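Summary of structural features
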Amino acid sequence: MKFLIHRPRRLRQNARLRALVRETELNAGDFIMPYFVCEGSRVKKPVASMPGVFQMSVDELVKDCRETQKLGIGGVILFGIPAKKDDKASGAYAQDGIVQRAVRELREKVSDLVVVTDVCLCEYMSHGQCGIVSKMRGKEFAIENDATLELLAMTAISHARAGADIIAPSDMMDGRVAAIRRALDAEGLSQTPIMSYAAKFASAFYGPFRDAAQSPPQFGDRRSYQMDFANAEEALREVALDIEEGADIVMVKPALGYLDLVWRVKQKFGYPTAVYNVSGEYSMLKAASRNGWLDEKAVALEMLTGFKRAGADIIVTYWAKDAARWLQSS
Ligand code: PBG
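Worth saying up front: this structure is predicted, and the values here are computed from it rather than measured. (Residues numbered from 1 in each chain as written. Predicted model: local features only at pLDDT ≥ 70, side-chain atom pairs only at ≥ 80, totals over all residues. Heavy atoms only, no water.)

1. Some words on the overall build of the protein
Threshold: Only DSSP runs of H or I covering at least 4 residues are called helices, and only runs of E covering at least 2 are called strands; the numbering of each starts at the N terminus. The globule rule used here is 2.2 Å times the number of residues to the 0.38 power, and the radius of gyration it is set against is calculated over C-alpha atoms. Note on classification: 1.4 Å probe, protein chains only; a residue is buried when its accessible area is under 20% of the maximum for its type, exposed when over 50%, partly exposed between these limits. The contact criterion used is simple: two residues touch if any of their non-hydrogen atoms lie within 4.5 Å. Values of accessible area rely on a 1.4 Å probe in the Shrake-Rupley scheme; residue burial ignores everything except the protein chains shown. Neither His nor the chain ends contribute to the count of charged residues, in which Lys and Arg are positive and Asp and Glu negative. Note on charges: their place is set at NZ of Lys, CZ of Arg, CG of Asp or CD of Glu.
Summing up its helical and strand segments, the protein has twelve helices and twelve strands in all. For the protein, the C-alpha radius of gyration of 20 Å lies close to 20 Å, the compact-globule estimate for 330 residues. Taking the principal axes of the C-alpha coordinates as reference, the protein spans close to 75 × 45 × 40 Å. For the protein, the proportion of its 330 residues judged to be buried stands at 54%. Sequence separation of at least 24 residues holds for 73% of the intrachain contacts in the protein that already meet a minimum separation of 6. Working note: accessible area of the protein is about 15,600 Å², and carbon and sulfur atoms make up 51% of it. Distance between charge centres in the protein, computed from 44 positive and 42 negative side chains, equals 8 Å.

2. Considerations on the packing of helix H2 (residues 58–70) against helix H4 (residues 98–109)
Heads up, the rule is: In this analysis, axes come from line fits to C-alpha atoms, helices being fitted only over the stretch in contact, and the angle between any two N-to-C directions falls in the range 0 to 180 degrees. Relative orientations are named as follows: roughly parallel for angles under 35 degrees, roughly antiparallel for angles over 145 degrees, roughly perpendicular for angles from 65 to 115 degrees, and oblique for any other angle. Handedness of a crossing is defined here by the sense of rotation of the near helix relative to the far one, left-handed for an anticlockwise turn of less than a right angle and right-handed for a clockwise turn. When residue character is reported, Ala, Val, Leu, Ile, Met, Phe, Trp, Tyr, Cys and Pro are called nonpolar, Asp, Glu, Lys and Arg charged, and the others, Gly included, polar.
The N-to-C vectors of H2 and H4 enclose an angle of 45°; their axes lie 10 Å apart at closest approach. By the angle class used here, H2 and H4 are oblique. Crossing of H2 over H4 shows right-handed handedness. Across the interface between the two elements, Val58, Leu61, Val62, Cys65 and Arg66 from H2 touch Ile98, Ala102, Glu105, Leu106 and Lys109 from H4. For the contact of H2 with H4, the per-class residue count stands at seven nonpolar, no polar and three charged.

3. Section: helix H10 (residues 279–290)
To keep it simple, the criterion reads: The span expected for a helix works out to 1.5 Å for each residue beyond the first.
Relative to the 16 Å expected for twelve residues at 1.5 Å per residue, H10 spans 16 Å between its end C-alpha atoms, a close match to the ideal helical length. Counting buried residues along H10, nine of its twelve residues qualify, which places the element largely inside the surrounding structure. Of all the residues in H10, the buried ones are Ser279, Gly280, Glu281, Tyr282, Ser283, Leu285, Lys286, Ala288 and Ser289. Just beyond H10, the residue with positive phi is Gly292, at close to 75°.

4. With respect to the packing of aromatic side chains
Just so we agree on the cut-off: Centres within 6.5 Å make a pair out of two Phe, Tyr or Trp rings, where for Trp the six-membered ring is used; the pair is then stacked when the planes are under 30 degrees apart, edge-to-face when over 60, and tilted otherwise. By definition, being over a ring means that NZ of Lys or CZ of Arg is both within 6 Å of the ring centre and within 35 degrees of the ring normal.
All chains considered together, the criterion is met by ten aromatic pairs. Taken together, the ring pairs in this structure connect Phe36, Phe79, Tyr197, Phe209, Tyr276, Tyr282, Tyr318 and Trp319 into an aromatic cluster. One cation-aromatic arrangement involves Lys200 over Tyr206; the distance from NZ or CZ to the ring centre is 5.5 Å. In this arrangement the basic side chain of Lys253 is found over the ring face of Tyr276, its NZ or CZ atom lying 4.9 Å from the centre.

Okay, structure coming up:
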């Protein structure tokens, strides 16, 4: 028999030893659960491409968030589906807009829940782009960066006034964190933190979300503002800019194919780092598990643990509630 000094298997012999040396532990408190809020009452409409995910009216949202809160989940992030869209995204910053109403109701009816609001215009624009569109010429169009910043700032103020705990801009316009920070401060909302989607890539993994939020671009794509997925150095520059502009939490999105960046962002900046486990990542495992090809619970927990191991402090995931239950029963 060969003499071996190192036998890493010594610590893998049984569940007790494995638990003792486990480095990464998932907690429900790390998760943020996304919600799609729509008009009406008693609406809980399944999203076809995302089994287990629903569009919900405010009353249903309140009910669901009570469960989420009881499970010890860190927070929720709200996306709005307005009754009407236009080319100024009026619904995004309306006092009585869908997200503003949802936030007020949650504030009143569900205590102890961190409410994050996604700040973007695509769900409220008739054309589905995340900014103001100009210079339409055939297939050519431009997004007006600086004019869009004003609408984003108005949206952020309206969310914070309604009672949002954290503002999360996901539009990828240049300078939006500074614009939002300045606007919030000028309104006496200097205590409202910003979680910026700092390194957000133009990803085909957002497909199912655009069904859920009814926000696919009606023409073109988002590649003039969301990042090229081939670029990591540029992503680090984007994160640096958002931090300079006042971001309190920085996010990398999507998650699965981007863990090099989660790691680098956490190592380089040491900031609270979030990762968005996006719709396509959710739907592909759902599909595989429905086919009997993958074990949903085992694979989801493995992925979520991988995100945390890579350096994520916060994980935005459609599995938040399921995973919280799985963790309780394991
Ligand atoms: C809004 C927004 C999107 C997502 C989060 N915020 C869609 C997009 O940028 O096209 C995607 C989330 C997901 O896929 O789960 N801009």
